[in-house]
Amino acid sequence: MENITSKSSSDQKFRDLFNKQLIKDATEEEIKIVLSGQYGKALELLRDAEATGLFPALVGPPGVGKTILCRYFASLRAKENKDASFYWLTMDESIRPANFMGSFDPALTLKYGFILEAFSPGPLLRAMLEGGTFLANEINRATEYSQNTLLEPLEEASIGIPHIGRIKAAQDFFFICAMNPEELSGTHRLSEALKDRIKVWIKLTYPEKSTELDIIRINLPEHFMIEESELELIYSIINETRKNKIDIEVPASIRAGIAIAKLLGRKRFLEEKGEIKEKKSVYEYLSDISRHVLLGSIKPKPGIKVEHILDNIINKTLGG
Ligand SMILES: Nc1ncnc2c1ncn2[C@@H]1O[C@H](COP(=O)(O)OP(=O)(O)O)[C@@H](O)[C@H]1O
Ligand SMILES: [Mg+2]
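Quick notes on the rules
Residues numbered from 1 in each chain as written. Chains lettered and ligands numbered in written order. Predicted model: local features only at pLDDT ≥ 70, side-chain atom pairs only at ≥ 80, totals over all residues. Heavy atoms only, no water. Helix = DSSP H or I, 4+ residues; strand = E, 2+ residues; numbered from the N terminus. Expected span 1.5 Å × (residues − 1). Buried < 20%, exposed > 50% of the residue type's maximum accessible area, 1.4 Å probe, protein only. Near = heavy atom within 4 Å. Polar contact = N/O pair within 3.5 Å; in protein donor to acceptor, adjacent residues only side chain to side chain. Areas by Shrake-Rupley, 256 points an atom, 1.4 Å probe, with all protein chains shown as cover. Contact = heavy atoms within 4.5 Å. Patch = residues over 30% accessible without salt bridge, like charges linked within 9 Å, V, L, I, M, F, W, Y side chains within 5 Å. Salt bridge = Lys/Arg side-chain N within 4 Å of Asp/Glu carboxyl O. 1 Å grid on protein atoms, 1.4 Å probe; cavity = no way out; pocket = protein on both sides within 12 Å on 5 of 7 lines; lining within 4 Å. Points joined across faces, edges and corners; volume = space filled by probe spheres on them. Nonpolar A, V, L, I, M, F, W, Y, C, P; charged D, E, K, R; others polar. Domains from an automatic or database assignment.

A word on helix H4 (residues 66–80)
In step 1: Between its terminal C-alpha atoms H4 stretches 21 Å, which fits the 21 Å expected from 15 residues at 1.5 Å a residue.
In step 2: What H4 keeps buried is the set Lys66, Leu69, Cys70, Tyr72, Phe73, Ala74, Ser75, Leu76, Arg77 and Ala78.

Regarding the site of ligand 1
In step 1: Taken together, 17 residues form the shell around ligand 1, and within it Val34, Gly63, Lys66, Thr67 and Arg255 come nearest.
In step 2: Val34 is positioned with one of its backbone polar atoms (N or O) 2.8 Å from a nitrogen atom of ligand 1.
In step 3: A distance of 3.2 Å separates an oxygen atom of ligand 1 from a polar backbone atom of Val64.
In step 4: Its free accessible area being 560 Å², ligand 1 has 88% of it covered by the protein chains.

Observations regarding the environment of Tyr145
In step 1: Relative to the helices and strands, Tyr145 resides in helix H8 (residues 144–147).
In step 2: Separated by 46 residues in the primary sequence, Tyr145 and Ser191 have C-alpha atoms spaced 9.2 Å apart.
In step 3: Beyond its immediate stretch of four places on either side in the chain, Tyr145 contacts Arg96 and Pro97.

Considering a nonpolar patch on the surface
In step 1: A cluster of nonpolar side chains, Phe14, Phe18 and Leu22, forms an exposed patch at the surface whose accessible area comes to about 300 Å².
In step 2: Within the secondary structure layout, Phe18 lies in helix H2 (residues 9–21).
In step 3: The class for Phe18 is partly exposed, based on a relative accessible area of 43%.

Some words on the layout of surface pockets
In step 1: Considered as a void within the structure, the largest pocket measures approximately 550 Å³ in volume.
In step 2: Considering the residues around the largest pocket, the lining is formed by 24 residues, among which Gly63, Gly65, Thr67, Ile68 and Arg255 are closest to the centre.
In step 3: Within the residue set of the lining of the largest pocket, elements represented by two or more residues are H4, helix H11 (209–219) and helix H13 (254–272).
In step 4: Of all the elements, H4 adds the most residues to the lining of the largest pocket, at 4 residues.
In step 5: Split by residue class, the lining of the largest pocket holds 11 nonpolar, 6 polar and 7 charged.
In step 6: Two domains each donate at least three residues to the lining of the largest pocket, and these are domain 1 (9–203) and domain 2 (209–318).
In step 7: A volume near 440 Å³ is recorded for the second largest pocket.
In step 8: Lining the second largest pocket are 21 residues, with Pro61, Tyr206, Lys245, Glu249 and Pro251 sitting closest to its centre.

Right, here's the structure in full:
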């Protein structure tokens, strides 16, 4: 214990910052969310699923708001059921069952054997014990082997930990998963066994215009305000990437629109402060900013050059 407390002062700084920034429970997070259109409906479905003990899945392309909706739902639950926790795990091929359940600390296990004290619990096990919410994010990126870890918790509300025993989930345990549609590359299929245990399927897609504009507004810092007409232009650029299904595999997400709006907002802010000598037209700003944001925000179909797509989109929406 001695050499733990006498660690250097930079370690102390790390610990202080860590404790200051630690999110202690899901109620503490302030989530700025727009609940009009599809989001309100999806939230209602999540609540219905929760009330009936049916497990839901959110399905949709990247950046349509799956994660933020789950976080918001979990924070509502946490406010209602005191102490309810929220855990999530974002999956890919490298995720193993131990990442869900937890694992034995090798040093402690060597010394004391497979005892509970040597076991460090994973997020799924914690959520089950605490009656919290577990979000399996990007679940169809996990291999079928890892997906199978979820079968017993979902079907029997229990889970077996090797060498320790089997636990029953607390009454309030709830499971949600989120995934991209299967046709996008880089994903495994959801196993049929798991599919059969998920009973409420909630599709999210790119939101309708008024909702997306609200989302951009809510995410724009106060001092980076832009005009409504500029917001409309940004939407038209983003929306154009979603129309071109021949050249574009993954179009611009909501994040891209927010990023363009922020960068334009900063230009407007600097103009107001008199720090920009040569003001540019909104078209010049947006043509420049959009290129920098969209270059990595859209995924072209194989063999198509992203620069070529960008030229077309900017010509079409901003002209020249
Ligand atoms: N309904 C919404 N209200 C507010 N912001 C949203 C909403 N939907 C999406 N966003 C914004 O878009 C970003 C992407 O959403 P996210 O939930 O991470 O998408 P996904 O999980 O589907 O990839 C979020 O960081 C958030 O800023
Ligand atoms: Mg996400």
